[in-house]
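As a plain string of letters, each chain reads:
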Amino acid sequence: MSRQNKVKRWRLALMDDQSHDVLWVVSRSRAVLICEFITVLFLFAAVVFCIVAYTPLRTTIPGYPDAKTRRAAIQTALEVDSLQNIVSRWELYSGNLLRIVEGQEPLQLDSLVRMAAKPDVTEEDILLMHEQDSLLRAMVTAEEQREMSARQTRRLSIESMHFFPPLRGAVSRGFEPLTHPYLELTAPAGSVVMAALGGSVISTAWSDENGFELVMQHDDDIVTIYRHLQKILVKTGDRLNAGASVALVGDSGSLGGDHLQFELWYKGDAVDPVKYIKF
C-alpha cells in the first residue's frame, strides 16, 4: 500500500453556546491560510498607499511640498529676478557716473540698456522672457485661487464642529424656535462666561432689558450671542479662541436673577445649542 500524505487543515467554527449548533464554519489548509493572509496584507498596504498618495494626507509627510511651499518658491524666484534687475540698474548707473567723473561723455539711456543686455540676447529672447514671466505670474494666481477654493470646499458643517460650553451651569429654560429662540443657563453671580467657539467680538452693548450683551462672529456663518452679563472682559475687534473668558454672569435685581441668555445662530437662523454643545 502507498502511504498518503495527510494535509493538515484548520477549522474555524461559530457555534451556539446553549444548543451547540454549528452556525458557521470555514476550513482552510495551511497553504491557503498563508495565501489569504498575504493577500489581505497586500490589499491593506495598497489601500494605505492610495489614501496617502491621492488625498490631502500626503502633505503630512515630512518634506512633501504643499501648495504653500510651491507658491513661496515661485514668489522667491520672482523676487530674486526683481533684485537682479535692480542690481543691474545700479551697475549701469555707477558705470555711467564713473565716466562722468573721468571726464567722458555720459551714455544715453538706450546705450546703457544695450550695455546691460547680453550680446547673444535678441528682441525675440526678450519677448520670450516677458511671456514666461507672464506665465509664471498666471501660475501663481491660479495656485492661489485653487487654494482658496480648496479652503472653501473644506468648510465644516455645524454638526462636525467642537463647541465649548459657554457657562458651567444648569439649563433653566430650553430652546423654543418661535417663542424662546435661546437657552437660559443659571449660575452663581461672578461665574465666568467663555467663548463657545473661536472667533471675533463684533459687538458689545448695554440695555435695560438684557443688561450687558456680547456678540461674536465665527467661521462658517456662525454667530453666538451672550446676554444678561454683569461685566464684559473683552472689547470689540478682539480675536479669541474657544474657551476664552469673555464676561462675568450675574445681572441680579430687575433683570431676573443670575443667569446667562445664550443664542446660537447658523446661516441666519437660530438653532438649539443643546444639539451641538454638551452642557
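Residues numbered from 1 in each chain as written. Predicted model: local features only at pLDDT ≥ 70, side-chain atom pairs only at ≥ 80, totals over all residues. Heavy atoms only, no water.

## Observations regarding the overall build of the protein
Counting secondary structure elements, the protein contains four helices and 12 strands. Counting all 279 residues of the protein, 25% fall into the buried class. Partitioning the contacts of the protein with sequence separation of at least 6, the portion at a separation of at least 24 is 52%. About 20,200 Å² of surface is accessible on the protein, with carbon and sulfur atoms providing 59% of the total. (Helix = DSSP H or I, 4+ residues; strand = E, 2+ residues; numbered from the N terminus. Buried < 20%, exposed > 50% of the residue type's maximum accessible area, 1.4 Å probe, protein only. Contact = heavy atoms within 4.5 Å. Areas by Shrake-Rupley, 256 points an atom, 1.4 Å probe, with all protein chains shown as cover.)

## A look at the side chain of Asp238
Note that Asp238 resides in the loop between strand S8 (222-232) and strand S9 (239-240). A polar contact of 3.0 Å, which involves the side chain of Asp238, links it to the backbone nitrogen of Lys235. With sequence-adjacent residues up to four places away left out, Asp238 is seen in contact with Gly199, Ser200 and Val201. (Polar contact = N/O pair within 3.5 Å; in protein donor to acceptor, adjacent residues only side chain to side chain.)

## Considering the pattern of salt bridges
The tally for this structure, following the rule as stated, stands at three salt bridges. Residue Arg227 pairs with Glu263 through a salt bridge whose shortest N-O separation is 2.1 Å. Note that Arg227 is positioned in strand S8 and Glu263 in strand S11 (residues 259-266), a separation of 36 residues in sequence. The pair Arg227 / Glu263 is uniform in exposure class, with both members buried. Put simply, Asp238 and Lys235 hold a salt bridge, and the shortest N to O gap is 3.4 Å. Three or more residues joined by partner-sharing salt bridges are found here, namely Glu213, Arg227 and Glu263. (Salt bridge = Lys/Arg side-chain N within 4 Å of Asp/Glu carboxyl O.)

## Re the confidence of the model for the protein
Per-residue pLDDT for the protein averages 79, and the proportion of residues at 70 or more is 78%. Counting contacts from residues 252-256, a segment whose pLDDT is below 50, to residues more than four positions away or on other chains yields eight contacts. (pLDDT = per-residue confidence, 0-100.)

## A word on a nonpolar patch on the surface
Taken together, the side chains of Leu83, Ile86, Trp90, Tyr93, Leu97, Leu98, Ile100 and Val101 present a nonpolar region at the surface, about 860 Å² in accessible area. Mapped onto the elements, Ile86 comes out in helix H2 (residues 67-101). (Patch = residues over 30% accessible without salt bridge, like charges linked within 9 Å, V, L, I, M, F, W, Y side chains within 5 Å.)

## Side note on the nonpolar core
The nonpolar side chains of soluble globular proteins are, as a tendency, buried together. Counting 28 residues, the largest nonpolar core has Phe163, Val193, Leu214, Tyr226, Val246 and Leu260 as the members making the most contacts within it. Those elements that provide at least two residues to this core are strand S7 (211-218), S8, strand S10 (245-249) and S11. Residues within four places of Val193 in sequence aside, it is in contact with Pro166, Leu167, Tyr226, Leu229, Ala244, Ser245, Val246, Ala247, Leu248, Val249 and Leu260. (Core = buried A, V, L, I, M, F, W, Y, C linked by side-chain atoms within 4.5 Å.)

## Focus: the packing of aromatic side chains
Enumeration over the complete set of coordinates arrives at two aromatic pairs. Ring centres of Tyr226 and Phe262 lie 5.4 Å apart, and the angle between their planes is 50°; this geometry places the pair in the tilted category. Here the residue Tyr226 occupies a position in strand S8, and Phe262 occupies one in strand S11, the gap between them amounting to 36 residues. Just as Tyr226 is buried, Phe262 falls in that class too. (Phe/Tyr/Trp six-rings, centres within 6.5 Å; stacked < 30°, edge-to-face > 60°.)

## Details of the pairing of strand S6 (residues 199-207)
Sheet topology note: the S6/S7 ladder contains eight bridges and is antiparallel. For Ser200, the partnering residue across the bridge sits in S7 and is Gln217. Following S6, the chain reverses through three residues before pairing antiparallel with S7. Bridge analysis of S6 against S9 gives two bridges, and the strand direction is antiparallel. Across the sheet, the residue bridging to Gly199 is Leu240, located in S9. (Pairing = 2+ DSSP bridges.)

## Here's the deal with the environment of His218
When you line up the elements, His218 lands in strand S7. Once the C-alpha coordinates of His218 and Leu197 are considered, the two residues, 21 residues apart in sequence, prove to be 6.9 Å apart. Apart from the residues lying within four places of it in its own chain, the contact partners of His218 are Leu197, Gly198, Gly199, Val223 and Thr224. Engagement of the side chain of His218 in a polar contact is seen with the side chain of Thr224, the distance being 2.7 Å.

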